[in-house]
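A look at the structure
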Amino acid sequence: QVELVESGGGLVQPGGSLRLSCAARGIIFMFNTASWYRQGPGKEREWVAAVTNSGLRNYADSVKGRFTISRDNSKNTVYLQMNSLKPEDTGVYYCKTSKSGVDYWGKGTLVTVSS
């Protein structure tokens, strides 16, 4: 059974930083692409960043230069380091991976950027 568990969300002031974690059980991140998505209030879920099994990283234009996705294979965990946070970064952040054509999602962690 595959399970993804996100953590690290919270309330932060504009310009601040947070690091999100996504721990996986039942699947090995290093063999699959892992992605972060987010859904802001009243908005559609959008893709934020991804790291492939070969280590290639990609980012949405809205977060490029501010967010960094990384993977710790020893802990089977993917991270999203978020710097220079803006109010528009507010939302629930989800971790996603896929295996054999099936998508697996975590339940999300809430990030609120507000003064």
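Cut-offs applied
- Residues numbered from 1 in each chain as written.
- Predicted model: local features only at pLDDT ≥ 70, side-chain atom pairs only at ≥ 80, totals over all residues.
- Heavy atoms only, no water.
- Helix = DSSP H or I, 4+ residues; strand = E, 2+ residues; numbered from the N terminus.
- Rg over C-alpha atoms; globule rule 2.2 N^0.38 Å.
- Buried < 20%, exposed > 50% of the residue type's maximum accessible area, 1.4 Å probe, protein only.
- Contact = heavy atoms within 4.5 Å.
- Areas by Shrake-Rupley, 256 points an atom, 1.4 Å probe, with all protein chains shown as cover.
- Lys, Arg positive; Asp, Glu negative; His and termini not counted.
- Charge placed at Lys NZ, Arg CZ, Asp CG, Glu CD.
- Phe/Tyr/Trp six-rings, centres within 6.5 Å; stacked < 30°, edge-to-face > 60°.
- Lys NZ or Arg CZ within 6 Å of the ring centre and 35° of its normal.
- Pairing = 2+ DSSP bridges.
- Disulfide = S-S within 2.5 Å.

**Remarks on the overall build of the chain**
Along the backbone of the chain there are zero helices and eleven strands. Start at the N end of the chain and walk to the C end: the helices and strands fall as β-β-β-β-β-β-β-β-β-β-β. Since a compact globule built from 115 residues should have a radius of gyration of about 13 Å, the 13 Å found for the chain is in line with a globular shape. Buried positions account for 42% of the 115 residues belonging to the chain. Partitioning the contacts of the chain with sequence separation of at least 6, the portion at a separation of at least 24 is 52%. Approximately 6200 Å² of the chain is accessible, and the part contributed by carbon and sulfur atoms is 47%. Across the chain, the centroid of the 14 positively charged side chains sits 5 Å from that of the 9 negatively charged ones.

**A closer look at the packing of aromatic side chains**
A complete count under the given rule lists two aromatic pairs for this structure. When the ring of Tyr94 is compared with that of Trp105, the centres are 6.4 Å apart and the planes differ by 80°; the resulting orientation is edge-to-face. Residue Tyr94 is found in strand E9 (residues 91-99), and its partner Trp105 is found in strand E10 (residues 102-105); the two are separated by eleven residues along the sequence. Residue Trp105 is classed as partly exposed on the basis of its relative accessible area, which comes to 35%. An aromatic cluster is built from Tyr37, Tyr94 and Trp105, whose rings are joined through pairwise contacts. Positioned above the aromatic ring of Tyr94, the side-chain terminus of Arg45 is 3.7 Å from the ring centre.

**Quick word on the pairing of strand E3 (residues 18-25)**
Pairing between strand E1 (residues 3-7) and E3: five bridges, direction antiparallel. Residue pairing for E3: Leu4 is matched across the bridge by Ala24. By the bridge criterion, six bridges tie E3 to strand E8 (residues 77-82) in an arrangement that is antiparallel. Within the sheet, the bridge partner assigned to Leu20 lies in E8 and is Leu80.

**Describing the state of the cysteines**
Taken as a whole, this structure holds one disulfide when the rule is applied. Across the disulfide, Cys22 is cross-linked to Cys95 (sulfur-sulfur distance 2.2 Å). A torsion of -85° about the S-S bond marks the disulfide between Cys22 and Cys95 as left-handed. With Cys22 in strand E3 and Cys95 in strand E9, the pair connects residues that are 73 residues apart, well separated along the chain. Exposure class is identical for Cys22 and Cys95. Each is buried.

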